[in-house]
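Commentary on secondary and tertiary structure
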Amino acid sequence: MAEDLADQLGADLATISYLVALVQLAHQAAATRCGSAGEEVASYIRELSLSPAEAHGNDIDADDVDEYIVALIDDRLAAEPQLLTHAAQTLNQSTHALDEELADEFDELGGVDRLAELASASWDDLDEDDQRLVVITLLDAVYIDPDGDTIADRLRVTWRL
């Protein structure tokens, strides 16, 4: 689309001014629509852009995301042999680092005691419940960026510990 506009309008200051004016008009139209409907403009624009983004290949395969996150966790476990021991000590002092729902699941999966038992394990050594325990312990959030050529470019992991 940008190439079509450049071909039709040129690539000078007048073109940029025209595009800025179009964006401002679009924003005003969205703000007016959202104001009358009681919606947030940012949420409306995100929702509006989701379908075209998916149609243009902006979606990410969930299995690829899982494999990438597992690789990050496995690398971290290998690079920091005392990570789970440190995590168990930290969470033993306070599980406030976990929200209530995660804290309940953490406890159901064995909590701090089970985590301490897993201290020297690699990802492949863990069964499904233990893997879930480690994910709850280590991951705070995973953010997906619509830009980027690879999964690594598009995902940003926030570690809890």
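Just above sits the structure.
Residues numbered from 1 in each chain as written. Predicted model: local features only at pLDDT ≥ 70, side-chain atom pairs only at ≥ 80, totals over all residues. Heavy atoms only, no water.

**What to know about the packing of aromatic side chains**
- Enumeration over the complete set of coordinates arrives at zero aromatic pairs.
- We note arginine 76 situated over the ring of tryptophan 159; from NZ or CZ to the ring centre the distance is 4.7 Å. (Phe/Tyr/Trp six-rings, centres within 6.5 Å; stacked < 30°, edge-to-face > 60°. Lys NZ or Arg CZ within 6 Å of the ring centre and 35° of its normal.)

**Here's the deal with the nonpolar core**
- Formed by 27 residues in total, the largest nonpolar core has its most connected members in Ile69, Ile73, Leu98, Phe106, Leu115 and Val134.
- Where this core is concerned, the elements lending two or more residues are helix 4 (62-79), helix 5 (83-93), helix 6 (100-108), helix 7 (111-117), helix 8 (128-138) and strand 2 (155-159).
- The leading source of residues in this core is helix 5, at five residues.
- Those residues in contact with isoleucine 73 that lie beyond four places of it in its chain are Trp123, Val134, Val135, Leu138, Leu139 and Trp159. (Core = buried A, V, L, I, M, F, W, Y, C linked by side-chain atoms within 4.5 Å. Buried < 20%, exposed > 50% of the residue type's maximum accessible area, 1.4 Å probe, protein only. Helix = DSSP H or I, 4+ residues; strand = E, 2+ residues; numbered from the N terminus. Contact = heavy atoms within 4.5 Å.)

**Structural notes on the side chain of arginine 76**
- Note on placement: arginine 76 falls in helix 4.
- On the basis of relative accessible area, arginine 76 is assigned to the buried category, the value being 15%.
- Not counting residues up to four positions away in its chain, the partners in contact with arginine 76 are Leu83, Leu138, Trp159 and Leu161.

**Re the packing of helix 4 against helix 8**
- Packing of helix 4 against helix 8 brings their axes to within 12 Å, and their N-to-C directions diverge by 80°. Accordingly, the angle class assigned to the pair helix 4 and helix 8 is roughly perpendicular. From helix 4, Ile73, Arg76 and Leu77 reach across to helix 8, where they touch Val134, Val135 and Leu138.
- Taken together, the residues of the contact of helix 4 with helix 8 sort by class into five nonpolar, no polar and one charged. (Axes fitted to C-alpha atoms, helices over the stretch in contact; angles between N-to-C directions. Parallel < 35°, antiparallel > 145°, perpendicular 65-115°, else oblique. Nonpolar A, V, L, I, M, F, W, Y, C, P; charged D, E, K, R; others polar.)

**Points about helix 5**
- Burial in helix 5 covers these residues: Leu83, Leu84, Ala87, Ala88 and Leu91. Looking down the long axis of helix 5, one finds its buried residues gathered within 130° of arc, a one-sided arrangement. Residues Asn92 and Gln93 are exposed on helix 5 and point more than 90 degrees away from its buried face.
- Against the buried residues of helix 5 lie helix 4, helix 6, helix 7 and helix 8. (Arc of directions from axis to C-beta.)

**Quick word on a negative patch on the surface**
- Together, Asp59, Asp61, Asp63, Asp64, Asp66 and Glu67 line one region of the surface with negative charge.
- Residue position: aspartate 63 is located in helix 4. (Patch = residues over 30% accessible without salt bridge, like charges linked within 9 Å, V, L, I, M, F, W, Y side chains within 5 Å. Areas by Shrake-Rupley, 256 points an atom, 1.4 Å probe, with all protein chains shown as cover. Salt bridge = Lys/Arg side-chain N within 4 Å of Asp/Glu carboxyl O. Lys, Arg positive; Asp, Glu negative; His and termini not counted. Charge placed at Lys NZ, Arg CZ, Asp CG, Glu CD.)

**Let's talk about the packing of helix 6 against helix 8**
- Orientation of helix 6 relative to helix 8, taken along the N-to-C sense of each, is 145°, at an axis distance of 10 Å. Handedness of the helix 6/helix 8 crossing: left-handed. Touching Leu102, Glu105 and Phe106 of helix 6 are Arg132, Leu133, Ile136 and Thr137, all from helix 8.
- For the contact of helix 6 with helix 8, a count of residues per class yields four nonpolar, one polar and two charged. (Left-handed = near helix turned anticlockwise from the far one by under 90°.)

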